[in-house]
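# Examination of the molecular architecture
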Amino acid sequence: MKRAALGVAILSALLLPALGHAEVVPGSQGVQDSLLATAPDGSPRVGFVAADGSLQVASRAADGTWSASAVSGLPGARSLVVGIAVRADGSSVVLAEDPGAHWLALAEQQAAGWQVRTVATAPANGLLGFGGLALTTAGRAVVAYAYEVASGKTWLRLVTESAAGALANEPVTKLGFPKSDSLPAVAPVVLASGAVRIEEAYANGTIEWARTPNHKDWIGQFVYTNSIGSPAGVVQALASGVGVWSAWTELFPSFDESQLLLTLHAKGEHTTVLHHHAFLVGLVVPSSGPEVAADDYVDLNGHTVYAGLVVGADGTSMELAGDLVGYALDGGARQYLLVEPDGLEWYRATAPPTTRVDLSAAVSGASFILTGHVTGAGGGTVELWRETQAGATLAASLPLAADGSFTTTDLPPTRPLTYRAIYRDPANGGLPLASLVRTVLG
């Protein structure tokens, strides 16, 4: 594993030189849904649903140019990207799902184009939960999904691809277990041994499923339980040398919380609440320990303002400006995908940034005093943005003091609003490190 990681790092350094600025993924303006993955050589793959509803997969060549390929032949006109992975030969595999939860399709890139196959359809009186995708070491697709009927009974299934490319669909659970008040979300995991595990999050907990020793059945182990929460969005899971890591968002409406959870199943189960107000974006497991990407958010009377987060299992955290929709490893580097007005912006940092931004706002009559600090910056400027229901506007651009501090007073023309400070990290391609005031200011 160490030799493979070193090889990826060397190739990445050759293919992905340091960036001077963000790169916009072509055709992604008005994007509706997206995911980021990396190939074994470190190059990015971006699966996204374009403004016209088409499913596209974009890739970046060694010379820095981007190209996109449309996936045709899906079972419906509209889709979501719920999984993307890249084989050793650089070809992409995408798992797409109907926004109405009626079908799940596997799209595999081949020399002649895309091969699309429907792997699941919802029963007449039921719906599909979010499915999950993984690849075996041989690059064969592994898909897990669950469906639920009106009674709340659920069924979990696993689809595996043979060496000849045939898909086999097998039941994991039977008799409608577990019963759930919300659609289950699942993620398959391929262990180093080749064995498959499945993480299933449902209304009352999360179960890790594994084959029995005789391979004739499946057995489940609860890794998390609760009586008042329910999962929201996708589940992501990865295996490491210490066990299986899984992450998801658990909603607790009575507390107005959307908890970002990270669980390790090894010799026992351990769950950590990484954040109390965020939705999962991605999970990576570098040698330094798990990192979870997510989006915190502020509701401005129906308009959502996002704050991208990367939170480590060790308690470290970093905030980015805007809606973070992709996070991936590339050797020791990190890749980020953010939604901006001109489309999806891709960034690469050669190492996890250590610079941090802090901002606070205090009322001063009809104005607001904005005070903050950029820790770890060797000079430069910070941008202060007003976030309103109409969008974001630049309020000021301030030089940082010698100690990284800044302060100003702003009289906003529009309310309600909140503020965001952005420091564009010159060491990492202008990556927009940020701090969003979580309070709505009237």
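Residues numbered from 1 in each chain as written. Predicted model: local features only at pLDDT ≥ 70, side-chain atom pairs only at ≥ 80, totals over all residues. Heavy atoms only, no water.

## Quick word on the confidence of the model for the chain
- Across the chain, the average pLDDT comes to 94, with 95% of residues at 70 or higher.
- Note that pLDDT drops below 50 for residues 1–20; the model gives that stretch 27 contacts with residues more than four away or on any other chain. (pLDDT = per-residue confidence, 0-100. Contact = heavy atoms within 4.5 Å.)

## Comments concerning the environment of glutamine 32
- You can see glutamine 32 is positioned in the loop between β1 (23–24) and β2 (33–38).
- On a C-alpha basis, the gap between glutamine 32 and valine 81 in space is 9.8 Å, while along the polypeptide they are 49 residues apart.
- Those residues in contact with glutamine 32 that lie beyond four places of it in its chain are Val49, Ala50, Ala51, Asp52 and Gly53.
- Polar contacts involving the side chain of glutamine 32 include one to the main-chain carbonyl oxygen of alanine 51, which spans 3.1 Å. (Helix = DSSP H or I, 4+ residues; strand = E, 2+ residues; numbered from the N terminus. Polar contact = N/O pair within 3.5 Å; in protein donor to acceptor, adjacent residues only side chain to side chain.)

## Focus: the packing of aromatic side chains
- With the rule as written, the count across this model stands at seven aromatic pairs.
- Seen in terms of ring centroids, tyrosine 147 and tryptophan 155 are 5.4 Å apart; in terms of plane orientation they differ by 15°. Their pairing is stacked.
- We classify tyrosine 147 as buried; its relative accessible area is 19%.
- With a centroid separation of 6.3 Å and an interplanar angle of 85°, the aromatic rings of phenylalanine 177 and tryptophan 209 are classed as edge-to-face. Residue phenylalanine 177 is located in the loop between β14 (167–171) and β15 (185–190), and its partner tryptophan 209 is located in strand β17 (residues 205–211); the two are separated by 32 residues in the primary sequence.
- Taking the relative accessible area as the measure of exposure, phenylalanine 177 reaches 40% and is therefore partly exposed. (Phe/Tyr/Trp six-rings, centres within 6.5 Å; stacked < 30°, edge-to-face > 60°. Buried < 20%, exposed > 50% of the residue type's maximum accessible area, 1.4 Å probe, protein only.)

## Quick look at the sheet that holds strand β3 (residues 44–49)
- The sheet built from four strands is open, its strands ordered β2-β3-β4-β5 with antiparallel pairing. The outermost strands of the open sheet, each flanked by one partner alone, are β2 and β5 (66–71). Here the strands of the sheet are splayed against their neighbours by 20° on average, with no regard to which way each runs.
- Pairing geometry for β3 and strand β4 (residues 55–60), over five bridges, is antiparallel. Across the sheet, valine 49 pairs through a bridge with leucine 55, a residue of β4. (Pairing = 2+ DSSP bridges. Axes fitted to C-alpha atoms, helices over the stretch in contact; angles between N-to-C directions.)

## Details of the pairing of strand β6 (residues 80–86)
- Where burial is concerned, most of β6 is hidden: six out of the seven residues are buried.
- Bridge count between β6 and strand β7 (residues 92–97): six bridges; the pairing is antiparallel. Bridge assignment links glycine 83 to a residue of β7, and that residue is leucine 95.
- If you look at the hairpin formed by β6 and β7, you'll find five residues sitting between the two strands, and glycine 90 has a positive phi there, around 90°.

## Describing the sheet that holds strand β9 (residues 113–121)
- Within the open sheet, the four strands sit side by side as β6-β7-β8-β9. Their pairing is antiparallel. Where the open sheet ends on each side, the last strands, each with one partner, are β6 and β9. Recorded for the sheet is a direction-independent mean angle of 20° between the axes of neighbouring strands.
- As paired elements, β7 and strand β8 (residues 103–110) share five bridges and run antiparallel to each other. Pairing of leucine 95 across the sheet is with leucine 106, part of β8.

## Section: the pattern of salt bridges
- Inspection of the entire model under this criterion finds 14 salt bridges.
- The salt bridge involving arginine 117 is made with glutamate 108; its shortest N-O contact spans 2.6 Å. Glutamate 108 carries the same exposure label as arginine 117, and that label is buried.
- We note a salt bridge from aspartate 330 to arginine 348, for which the minimum N-O separation is 2.5 Å. With a gap of 18 residues between them, aspartate 330 in strand β27 (residues 323–330) and arginine 348 in strand β29 (residues 343–349) connect regions that are remote in the sequence. (Salt bridge = Lys/Arg side-chain N within 4 Å of Asp/Glu carboxyl O.)

## Describing the layout of surface pockets
- Of the volumes computed, that of the second largest pocket is approximately 290 Å³.
- Glu291, Gly312, Asp314, Thr316 and Pro352 are, among the 19 residues lining the second largest pocket, the residues nearest its centre.
- For the lining of the second largest pocket, the elements supplying multiple residues, two or more each, are β25 (303–312), β26 (317–321) and β28 (333–340).
- Looking at the lining of the second largest pocket, the element that brings in the most residues is β25, giving three residues. (1 Å grid on protein atoms, 1.4 Å probe; cavity = no way out; pocket = protein on both sides within 12 Å on 5 of 7 lines; lining within 4 Å. Points joined across faces, edges and corners; volume = space filled by probe spheres on them.)

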